[in-house]
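Each chain, letter by letter, is given below.
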Amino acid sequence: MALSAQRVPRWFSAIKLSSFINATQIRKLFLRPRKTLLYGFSAQPQMSSYNCLLQWRIKTYRTSSLWNSSQSTNSSREDNNSVQSTLLPSMNEQPQEPQKIPNTDSELSLEGLEDLPPLSPLQPISEEEAIRIIADPPLPPVSFTLRDYVDHSETLQKLVLLGVDLSKIEKHSDAANLLLRLDFEKDIKQILLFLKDLGIEDNQLGSFLTKNYAIFSEDLENLRTRVTYLQSKNFSKADIAQMVRNAPFLLNFSVERLDNRLGFFQKELELSVKKTRDLVVRLPRLLTGSLEPVKENMKVYHLEFGFKRNEVQHMITRIPKMLTANKRKLTETFDYVHNVMGIPHYIIVRFPQVFNTKLFKVKERHLFLTYLGRAQYDPVKPNYISLDKLVSIPDEIFCEEIAKASVQDFQKFLKTL
């Protein structure tokens, strides 16, 4: 039965109204809230904020795709129906089954996931999600000890394993800040390999780095250049290793500084190249310490003690510490040995070890020999006692061979002093 002209507009209006109602119902179906986590985004309970956001975007993506395809299909059908016929469907025709909307909770293919926009790392989360987050305690912005940072710093942990004493380093704020900024693989590992190649043993690295933590701020090429310079001055590899162990800051000084120091001692002491080299190998602190004590002691030996230049050369090559010894200690020792014991200059020059001995030990033994009547230090007279034996041998041998008395007698005498 054909439609009348008045019913055709009403039929089209009914179709549009029905389409609008269906679209509204579908939107409500997909946007029905279950449990809100991310500011109104629908999500299942007990899900992480990341999974919630991902599932919501997947649902939105698929819903939008299905809705667009449904709209295009309906639109094409309406166009075909309007062209083919304007008749109402007959009563015996089977009604068309409603279109099934697939479950949006099903798994998506990898291709579908790749089309999703990236998630923002600043995506806000709900209070419930925030409560479930277990975060590490924050690092203190200011601390008086490195202990607060050891658990969070791989560099500090490995330095502790090497034997570095962080309790001594943390006393210097600049050192603590330096270590916290360093990366072990990038900044420290190459320095450690360089030191091992130089001859520093594994059990010596801890004490070395505790004293000279500043070596980590030195450029590796500069360190190699300084080693090359020392080798050019005929210092052997063993000599350089010994010097670096005894004077940890040696390689922190520039080539110009090292060259000036070697030139100073060779010129000031009038030593040969070989003797100068032997001198600094035995006491490498001469290259790193201040020159003021050296200059002061040289004046003391010449002006106050009255030693000749060649005598001073002989003594300092035997006992290099005489160049850096305390001036007061040197003066007291020389005054007692020369003026009280009556030992002349030439004997002191032959046994300069007396300047490297504790003064009370010299006094105790000299007084005991004087008490026994055996304090005779003139080599041309009988019962001569050399200054070397007086200060270098232990008490048992001193009593038996020099004093010809027992150790108990010596100890009883010391109680009378």
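Below is a summary of the structure that appears in this document.

Criteria and cut-off values
Residues numbered from 1 in each chain as written. Predicted model: local features only at pLDDT ≥ 70, side-chain atom pairs only at ≥ 80, totals over all residues. Heavy atoms only, no water. Axes fitted to C-alpha atoms, helices over the stretch in contact; angles between N-to-C directions. Helix = DSSP H or I, 4+ residues; strand = E, 2+ residues; numbered from the N terminus. Parallel < 35°, antiparallel > 145°, perpendicular 65-115°, else oblique. Left-handed = near helix turned anticlockwise from the far one by under 90°. Contact = heavy atoms within 4.5 Å. Salt bridge = Lys/Arg side-chain N within 4 Å of Asp/Glu carboxyl O. Buried < 20%, exposed > 50% of the residue type's maximum accessible area, 1.4 Å probe, protein only. Arc of directions from axis to C-beta.

1. Details of the packing of helix α6 (residues 154–161) against helix α9 (residues 184–198)
A pair of packed helices can be characterised by two numbers: the angle between their axes and the separation between those axes. Look at α6 against α9: their axes get within 10 Å of each other, and the N-to-C directions meet at 25°. Our classification of the angle between α6 and α9 gives roughly parallel. Where α6 crosses over α9, the handedness of that crossing is right-handed. The segment α6 lies against α9, with T155, K158 and L159 engaging F184, E185 and I188.

2. A closer look at the pattern of salt bridges
Taken as a whole and judged by the stated rule, the model has 12 salt bridges. We note a salt bridge from D202 to K196, for which the minimum N-O separation is 2.3 Å. Put simply, R309 and E270 hold a salt bridge, and the shortest N to O gap is 3.8 Å. In this pair, R309 is assigned in helix α17 (residues 309–318) and E270 in the loop between α13 (255–268) and α14 (273–282), connecting sequence segments 39 residues apart. On the accessibility criterion, R309 (38% relative accessible area) is partly exposed. Ionic contacts of the salt-bridge type, sharing partners, join the residues E154, K158, E185 and K189 into one network.

3. Looking at helix α22 (residues 395–403)
Along α22, the positions that sit buried rather than exposed are F398, C399, I402 and A403. Here the buried residues of α22 occupy an arc of 110° about the axis, which is enough to place them on one side. In this structure, the buried side of α22 is in contact with α20 (359–372), α21 (387–392) and α23 (407–415). K404 sits one or two residues past α22 and shows a positive phi near 55°.

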